[in-house]
Every structure is written in C-alpha cells, then in structure tokens.
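One letter stands for each residue in the lines below.
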Amino acid sequence: MTDRTTVHLEINGRAEALDIEPRVTLLDALREHLGLTGTKKGCAHGQCGACTVHVDGERVLACLTLAAQAEGRAVTTIEGLAGPNGELHPVQAAFLEYDAFQCGYCTPGQIMSAVACIREGHAGSDEEIREYMSGNLCRCGAYPHIVAAVRQAAEELTAQKQAAE
Ligand code: FES
Ligand code: FES
C-alpha cells in the first residue's frame, strides 16, 4: 500500500486539503490534483523557471518543492494574480502591452518571477532585471520585451506605492 498524507495549503486564498503521496511535488499537486495548469512544467529539474510560484510571497520553483514542504502555507499561482474583479496585475498588463511573449509557455513563470523581483527591490535597472530574472528561460528569446515590461510594471508599482504613502 502506498503511503499517503494530507497536505493543507492555502491556494490563491482558498483552503485546500490534498490527500497525496508524500513525494508529490508542489507542481504536480497544482497541475494534476487541483487542475491549476497555468503553472508550467518545463524541465522539472529546477533549470527553466517555468514552474515559478509564490509561497508566502517568496518565489519558489514548484518542481523542486514538495507539496508537503508547503504545509500550512499560502501559495499564489498565476491564476491568483489578478484582482478580485478580474483586473490584471500591473505585471500581467505590462506583458500584454509590451508583447513580452511569443509561444507563452514560459510566461506564467516569468510573470510570477517578475512580481517577486519587483517586490524584492531588484528591478531598478535593465541589468538588475536581467540578473534577477535569469532563472527564467525563454526559448523564444523574448527577453528584450520581457525586460521592458518588467521595467514598466516596476515604475508603475513604485508610483502606486508612493501615492499610497
Ligand atoms: S519546470 Fe521547474 S524549473 Fe523547469
Ligand atoms: S515565449 Fe516561448 S518560451 Fe518564452
């Protein structure tokens, strides 16, 4: 008999209890057990960033994280990024505005990484954006547009923050 465990996660603000094998990754838990297929499986070995999600606000590679390691924690995926009325997050809007994707496969991971990169204060220049987004690969080579989108979103979010202070 296979061992199973119950893992409690808050996914995009909603409490979930998953009855899964302890070896199930957070990526497979999201995609296969919860049907949240926005988070992509690229390499499954921590090398492409396609699976980037946030756990308690910090970016993690869901393919290298066991679901059980996130027990009791808050997970945000691309599906949870838009506002309550469906309004796009400024990073999502900037990716659209700047055509920052081609096939789109890397895009959810790029966007989740970009949100965290801006929040970490690592989006002050194009060089910094490139450095702190370097774990997110794009096989289509959309990097110049991605950097432009992140820079624009960072400026907008900084202005919003200053206006609120
Ligand atoms: S699928 Fe996780 S880093 Fe590639
Ligand atoms: S848009 Fe195709 S892999 Fe990035």
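Looking up the protein in an unreviewed UniProt entry gives the name (2Fe-2S)-binding protein, with the organism given as Paramesorhizobium deserti.

Moving on, we get to the overall build of the protein. For the protein, the count of helices and strands is five helices and five strands. Mapped from its N terminus to its C terminus, the protein presents α and β elements in the order β-β-α-β-β-β-α-α-α-α. With respect to the three principal axes, the spread of C-alpha positions in the protein is 55 × 35 × 25 Å. Evaluated residue by residue, the protein yields a buried proportion of 39% over its 165 residues. A separation of at least 24 residues holds for 57% of the contacts in the protein among residues at least 6 apart in sequence.

Below, the discussion takes up the pairing of strand β3 (residues 52-55). In the sheet, β3 pairs with strand β4 (residues 58-61) via four bridges, with the strands oriented antiparallel. By the bridge assignment for β4, His54 is matched with Arg59. Hairpin geometry of β3 and β4 is characterised by an intervening segment of two residues between the two adjacent antiparallel strands and by a positive phi of about 50 degrees at Asp56. Of the strand pairs in this sheet, β3 and strand β5 (residues 74-76) are connected by two bridges, and their pairing is antiparallel.

What the five strands build is an open sheet, ordered β2-β1-β5-β3-β4; its pairing is mixed. Either end of the sheet is taken by a strand with one partner, and the two such strands are β2 (14-20) and β4. Shown here is a sheet whose adjacent strand axes are inclined to one another by a mean of 40 degrees, direction ignored. Sheet strands in contact with helix α3 (residues 107-119) are β3 and β4, and its direction is about 40 degrees off that of β3.

On domain assignment, one finds that the protein holds domain 1 (5-80) and domain 2 (90-164). On a C-alpha basis, the centres of domain 1 and domain 2 stand 21 Å from each other. Listed by partner, the interface residues are 13 residues for domain 1 and 11 residues for domain 2. At the level of secondary structure, the elements contributing two or more residues to the side of domain 1 that touches domain 2 comprise β3 and β4. Top contributing element to the side of domain 1 that touches domain 2 by residue count: β3, with three residues.

Another aspect to go through is the nonpolar core. Ala62, Ala114, Cys117, Ile118, Val150 and Ala153 are the most contacted members of the largest nonpolar core, which has 45 residues in total. Elements that contribute at least two residues to this core include exactly β1 (5-11), α1 (26-33), β4, α2 (90-97), α3, α4 (126-132) and α5 (143-164). Counting residues per element, this core draws most heavily on α3, which supplies seven residues. Looking at this core, you find at least three residues from each of domain 1 (5-80) and domain 2 (90-164). Residue contacts for Ala153: discarding those within four places in its chain leaves Pro90, Val91, Ala94, Ala114 and Ile118.

Before going further, it helps to spend a moment on the packing of α2 against α5. Packing of α2 against α5 leaves a shortest axis separation of 8 Å and a crossing angle of 140 degrees. Taken together, the axis directions place α2 and α5 in an arrangement best described as oblique. As for how α2 packs across α5, the hand of that crossing is right-handed. Where α2 abuts α5, its residues Pro90, Val91, Ala94, Phe95 and Glu97 lie against Ala149, Gln152, Ala153, Glu156 and Leu157. The residue makeup of the contact of α2 with α5, split by class, is seven nonpolar, one polar and two charged.

Reading the values: the criteria
- Residues numbered from 1 in each chain as written.
- Chains lettered and ligands numbered in written order.
- Predicted model: local features only at pLDDT ≥ 70, side-chain atom pairs only at ≥ 80, totals over all residues.
- Helix = DSSP H or I, 4+ residues; strand = E, 2+ residues; numbered from the N terminus.
- Buried ≥ 20, exposed ≤ 12 C-beta atoms within 10 Å, placed from the backbone.
- Contact = placed C-beta atoms within 7 Å.
- Pairing = 2+ DSSP bridges.
- Axes fitted to C-alpha atoms, helices over the stretch in contact; angles between N-to-C directions.
- Domains from an automatic or database assignment.
- Core = buried A, V, L, I, M, F, W, Y, C linked by C-beta atoms within 7 Å.
- Parallel < 35°, antiparallel > 145°, perpendicular 65-115°, else oblique.
- Left-handed = near helix turned anticlockwise from the far one by under 90°.
- Nonpolar A, V, L, I, M, F, W, Y, C, P; charged D, E, K, R; others polar.

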